[in-house]
Amino acid sequence: MVQAYILIQTEVGKASTVAEAIAELAGVIQAEDVTGPYDVIVRAQAETVDELGRMVVAKVQQVDGITRTLTCPVVHL
């Protein structure tokens, strides 16, 4: 199992609706509105890194109101 944090920038005023929409996607553990350089932070999981990448590109980035994403895979050192 691979987990990652997805940092999301949204259009002005869209953070709440983006977080709500993403929270409904399969593989999303949590989606929260935040303040700072990013508007939404998501914790997601998938079976493989490739599956995680497909989820980000095919599902997360398709949500209306998103302008940019940054995916940060979790590592266990």
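This is a predicted model, so every value here is computed, not measured.

Let us look at the UniProt feature "domain: Transcription regulator AsnC/Lrp ligand binding" (unreviewed entry) in the chain. The feature "domain: Transcription regulator AsnC/Lrp ligand binding" (unreviewed entry), as annotated in UniProt, sits at residues 6-74 in this numbering. Helix makes up 28% of residues 6-74 and strand 38%, and the two end C-alpha atoms of the span are 10 Å apart.

Because each turn of an α-helix spans 3.6 residues, side chains separated by three or four positions in sequence point in the same direction. Taken together, the buried positions of helix 2 (residues 49-58) are Leu52, Met55 and Val56. Axial view of helix 2: buried residues confined to an arc of 95°, hence all on one face. With respect to the buried face of helix 2, the exposed residues turned more than 90 degrees away are Asp50, Arg54 and Ala58. Against the buried residues of helix 2 lie strand 1 (2-10), strand 3 (40-46) and strand 4 (66-73).

Here is what the cut-offs are and how they apply
Residues numbered from 1 in each chain as written. Predicted model: local features only at pLDDT ≥ 70, side-chain atom pairs only at ≥ 80, totals over all residues. Heavy atoms only, no water. UniProt positions renumbered as here; feature names shortened; annotations may be inferred. Helix = DSSP H or I, 4+ residues; strand = E, 2+ residues; numbered from the N terminus. Buried < 20%, exposed > 50% of the residue type's maximum accessible area, 1.4 Å probe, protein only. Arc of directions from axis to C-beta. Contact = heavy atoms within 4.5 Å.

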